[in-house]
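Results of the structural survey
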Amino acid sequence: MEEGSGASALATSIVLPVREGDRGIGALLTAVRVFARALQGAVEVVVVDDGTHDGLQSHVERWRAQFSGLVVARHDQRKGRGAAVRTGVLAARGEYLLVVDPELAVPVENAGALLERLRAGADIALITRGAAERESGSDGRSFLERAADTTVLRLSQLMVPHGARDCFAGLVGVRGRAAKKIAQRAQVSSPAWIVEWLALAQYLGFQVAECEQNFVRGPLLGERDRRTTRAFELLKDVWATRRRLAGDEYSRASSTAALLNQTSFHKLDRDTLGPKKR
């Protein structure tokens, strides 16, 4: 059976890319469990441990009894958020995939709107900030943080015109087949992964939809002392995406097996799908 095909018995995969220092893994898994129970069809949760050394594996193990269809994939060393998303997507088997930011800037229950867009025909759907928030700036960031983030967003849109108003919300839905084709070509490992994914969606002729939501998030570029460095790293990856598009470097897809070759998998109840009921 083809991965991500509509013939799969697995309806939805929820991908959680987690890195060193991400806080509140318990709150994240609690929110995901509640959301998964409300979904129709079988669900799996794919946690990607991006080379952490802060006890994430043992913490996730304690949640084993709360889920069936729980899969933990581990990078032997930190490879970046984009690489963790790619690993999770390639390991997932759902007809629809949801990529959830571990800091829950956008509540996971808002992903229901993304699933509606995917079922209506979109290949990739993402949350963007509502018009009222964009105009008022009432999204939890300071003036300087908003200015820095807006500058990076606008520059990324100029380098790689992807059409999305705000692509860094951290909650994305993708059809299984489209997700595999994009992940097999994606190369960006930083938070700029979503810019590359949107560019690849256009390159491959996939339909993109946006869902406006109101949410509070921290600054995209993080703490003040790292802001300039992170902006440079992010824009460097966006420019690399532009260069690859211009050179038609995305025409060839890598195999899933080759991309997952260096990933350690710990499979928990892989064949028993759906969240467990109490």
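To be clear, the structure that these remarks concern was listed above.
For the structure given in this document, a descriptive report is provided here. (Residues numbered from 1 in each chain as written. Predicted model: local features only at pLDDT ≥ 70, side-chain atom pairs only at ≥ 80, totals over all residues. Heavy atoms only, no water.)

Turning our eyes to something else, we now look at the nonpolar core. If you look at the biggest cluster of nonpolar residues, it comprises 45 residues, and the most contacted ones within it are Val 89, Cys 167, Val 172, Trp 193, Ile 194 and Trp 197. By residue number, the principal contributor to this core is helix α8 (residues 193-203), which donates eight residues. Leave out the neighbours within four places in its chain, and Trp 193 touches Arg 81, Gly 82, Val 85, Val 99, Val 172 and Val 188. Ile 14, Val 32, Leu 39 and Phe 67 belong to the second largest nonpolar core, which has 35 residues in total. (Core = buried A, V, L, I, M, F, W, Y, C linked by side-chain atoms within 4.5 Å. Buried < 20%, exposed > 50% of the residue type's maximum accessible area, 1.4 Å probe, protein only. Helix = DSSP H or I, 4+ residues; strand = E, 2+ residues; numbered from the N terminus. Contact = heavy atoms within 4.5 Å.)

Here the focus is the packing of aromatic side chains. A ring pair, where both rings are aromatic, is described by two values, the distance of the centres and the angle of the planes. Applying the stated criterion to the full structure yields two aromatic pairs. Plain terms: the ring middles of Trp 193 and Trp 197 are 5.6 Å apart, the flat faces sit at 90° to each other, and that makes the pair edge-to-face. Separated by four residues within a single helix, Trp 193 and Trp 197 lie in helix α8, roughly one turn from each other. (Phe/Tyr/Trp six-rings, centres within 6.5 Å; stacked < 30°, edge-to-face > 60°.)

Our focus in this paragraph is the side chain of Glu 44. Assignment of secondary structure puts Glu 44 in strand β2 (residues 42-50). In terms of polar contacts, Glu 44 uses its side chain to reach the backbone amide nitrogen of Arg 93, at 2.8 Å. (Polar contact = N/O pair within 3.5 Å; in protein donor to acceptor, adjacent residues only side chain to side chain.)

The next subject is the pattern of salt bridges. In the structure shown here, the tally under the stated rule is three salt bridges. Between Arg 74 and Asp 49 there is a salt bridge, with the nearest N and O atoms lying 2.6 Å from each other. Remark: Asp 49 occurs in strand β2 and Arg 74 occurs in strand β3 (residues 70-75); sequence separation between them is 25 residues. Under the relative-accessibility criterion, Asp 49 is labelled buried at 1%. When the shortest N-O distance is used, the salt bridge between Arg 243 and Glu 249 registers 3.3 Å. Owing to a relative accessible area of 44%, Arg 243 belongs among the partly exposed residues under this scheme. For Glu 249, a relative accessible area of 38% puts it in the partly exposed group. (Salt bridge = Lys/Arg side-chain N within 4 Å of Asp/Glu carboxyl O.)

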